[in-house]
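Spelled out from the first residue to the last, the chains are:
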Amino acid sequence: MTSAPNTQSGWLPLALVSCTWVSVISTDLYAPSLPHLPELLGTTESAAKLTLSFNLAAFALAQQVHAPLSDRIGRRQLLLIGMIGFGLVSGVCALSPDIITLIVGRTAQGFLSSVPSVVVLLLIHDLYSKQDAVKVLGFHGMAVGVAPIIGPLIGGAVFVALGWRMNFWLLAIFAVLVSLAVWNIVTSTGHTPTRLPFREVFSRYLSVLSKVTVWHNLLPLAATYGILFSFVTAGPFILIDQFAVPTEAYGLYFGAIVAAAILGALTANRLAEKLKIHALRNLAYGAVGTGVLVSFGLALTDTITPLYLTSAMMIFGLGLGLMNATVPLLILSALEPPLKSYGSALSGSSQLVAASGASFAVAMFDDSGVWPMLSVMVGLFVIGFLALCASIKPNNLDI
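Described in the following lines is the structure provided in the data block. (Residues numbered from 1 in each chain as written. Predicted model: local features only at pLDDT ≥ 70, side-chain atom pairs only at ≥ 80, totals over all residues. Heavy atoms only, no water.)

Points about the overall build of the chain
Regarding its fold elements, the chain presents 15 helices and zero strands. Taking all 399 residues of the chain together, 58% fall into the buried category. Pairs at least 24 residues apart make up 87% of the contacts formed inside the chain by residues separated by at least 6 positions. If you sum the accessible surface of the chain, you get close to 15,500 Å²; carbon and sulfur atoms cover 69% of it. (Helix = DSSP H or I, 4+ residues; strand = E, 2+ residues; numbered from the N terminus. Buried < 20%, exposed > 50% of the residue type's maximum accessible area, 1.4 Å probe, protein only. Contact = heavy atoms within 4.5 Å. Areas by Shrake-Rupley, 256 points an atom, 1.4 Å probe, with all protein chains shown as cover.)

A look at unusual backbone geometry
Trans is the prevailing form of peptide bonds, just as negative phi is the prevailing case for residues other than glycine. In this model, Ala244 sits at a positive phi of 60 degrees, which is unusual for a non-glycine residue. Residues other than glycine seldom take positive phi values, yet Asp302 does so here, at roughly 55 degrees. Within the secondary structure layout, Asp302 lies in the loop between α12 (277–300) and α13 (306–333).

Points about the pattern of salt bridges
Pairing of side chains with opposite charge becomes possible as their charged atoms draw close. Within this structure, the stated rule accounts for one salt bridge. Of the charged contacts, one joins Lys211 and Glu336 as a salt bridge, the two residues approaching to 3.4 Å between their closest N and O atoms. Here Lys211, found in the loop between α9 (198–209) and α10 (212–242), pairs with Glu336, found in the loop between α13 and α14 (340–364); they are 125 residues apart in sequence, far enough to count as distant. Residue Glu336 is classed as partly exposed on the basis of its relative accessible area of 37%. (Salt bridge = Lys/Arg side-chain N within 4 Å of Asp/Glu carboxyl O.)

Points about α12
Over its 24 residues, α12 extends 35 Å from the first C-alpha to the last, a length consistent with the 34 Å expected when each residue adds 1.5 Å. The first or second residue beyond α12 is Asp302, which carries a positive phi of 55 degrees. (Expected span 1.5 Å × (residues − 1).)

Focus: the nonpolar core
The biggest cluster of nonpolar side chains holds 118 residues, and the ones touching the most others in it are Leu37, Leu102, Phe168, Ile227, Phe231, Met373 and Met377. Among the elements that make up this core, the one with the highest residue count is α10 (15 residues). Apart from residues no more than four positions distant in its own chain, Leu102 is found in contact with Leu37, Leu41, Thr51, Cys93, Ser96, Trp164 and Phe168. (Core = buried A, V, L, I, M, F, W, Y, C linked by side-chain atoms within 4.5 Å.)

Okay, structure coming up:
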């Protein structure tokens, strides 16, 4: 592993963040419009939620394709293909005449916007030392965290002023600008493209999945993202429909949660030289669980309000920021160099498999209140907690 080239040291992290922004903001920008889609497109609430569930499923599954592609055609080339294609399908979403077309467009968005989730982590791992990689991932988490704050605020305002379709046109413009940034800034990747037969690709995925250490970290990370997207799916309906939060104000509540995630990423950045990475991970999941259990307690005692629910989810957000800066590195560090791109893909796809499954589970409930969301959250937390407990051993203190 080498240090980042001097010619890119200032701008490379920003370019990588911009790529990840595409996938993050593609959901957050139109989230405030979600509760209004049933009326606007003449469909049901469950069908509207499927625009999120199918997007997440495509995002997760596509990463298994992107990992070998990134090895075969190169990191930079795949980023460019992903960003340009994303811009095109965003235009399709903007022109959707019905919910079926929108679901198809959102599914295509998920396939293409998942490229950065594989390639960006690989670039950070390939171009930076372990300690610097934690810092860059901390910066990445903070910067990317701004997108879910800005996204719903802009999306809500744009919906009120110009309608939901304009949010997808904004995504198309953003994708064009990001493509230009990748073209001009990402010039060195620290990787030489290689061609592998399908059998070898399949074998490498099995090799990654055969490692117990990978599962110990993969499951808590996946559970964390399942919990997050349980809220992303149900949150707009709970806050806007149940608690009468104005559409344009939804972003303030969700933004507070993301601000907490940025603080978590900043904390990881500051603690990288003081605590071992396993200790940071354990601290992170402790915050995740606290947020979930406080939310559950509020509902159980019938004291839940928009402010209280948001406060509890802010505790979860702190854990999310810490998890993002630590667990992916633990997964990659457990793998030999030929397996790292596949580990990156599985790391990203596990997050979105859990997110998609959680989103789908929440969408399938007829009840649009808090209990479907909280039931899914608690179940996921328990799964991740058990995996984490299995990984804590006296000789497992550092990577």
